[in-house]
Amino acid sequence: MPSRTKEKLHFHSKAQQFFFILKGTAKFYVADKMESVGENQGILIDPKMEHYIANETEKKLDFLVISQPTTNNDRMTIE
């Protein structure tokens, strides 16, 4: 994820997502709270939780995201 970028606030009705940070530091905004997640750390986002990931640093952010079930046709953008 490029420097100084972020997703739009959204949620998934059915899918849960696990993000694992490979390189850099991510900021996750989940249900009006912010959590910083660094290298070799992860975060689980439950279904129906409003969230987005942001790279607020000057460095590229590398991460894995695993969704179960798939997020195809299961994303509702809020903003």
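As the structure is a prediction and not an experimental result, all values here were calculated from the model.

So, on to the overall build of the protein chain. A tally of regular secondary structure across the protein chain gives zero helices and nine strands. Across the protein chain, helices and strands are ordered from the amino to the carboxyl terminus as β-β-β-β-β-β-β-β-β. Compactness check: the protein chain gives a C-alpha radius of gyration of 12 Å against a globular reference of 12 Å for 79 residues, within 12% of the reference. Dimensions of the protein chain along its principal axes, counting C-alpha atoms only, are 30 × 25 × 20 Å. Taking contacts inside the protein chain between residues at least 6 apart in sequence as the whole, the part at least 24 apart equals 73%. On the protein chain, roughly 5,200 Å² of surface is accessible, and the fraction owed to carbon and sulfur atoms is 51%. Within the protein chain, the 11 negative side-chain charges are centred at a point lying 3 Å from the centre of the 11 positive side-chain charges.

This part is about the side chain of N55. Of note, N55 is situated in strand β7 (residues 51-55). Looking at N55, its side chain comes within polar contact range of the main-chain oxygen of P2, at 3.2 Å. Look past the residues within four positions of N55 in its chain and what remains in contact with it is M1, P2, S3, R4, T5, T25, K60 and L61.

How each quantity is defined
Residues numbered from 1 in each chain as written. Predicted model: local features only at pLDDT ≥ 70, side-chain atom pairs only at ≥ 80, totals over all residues. Heavy atoms only, no water. Helix = DSSP H or I, 4+ residues; strand = E, 2+ residues; numbered from the N terminus. Rg over C-alpha atoms; globule rule 2.2 N^0.38 Å. Contact = heavy atoms within 4.5 Å. Areas by Shrake-Rupley, 256 points an atom, 1.4 Å probe, with all protein chains shown as cover. Lys, Arg positive; Asp, Glu negative; His and termini not counted. Charge placed at Lys NZ, Arg CZ, Asp CG, Glu CD. Polar contact = N/O pair within 3.5 Å; in protein donor to acceptor, adjacent residues only side chain to side chain.

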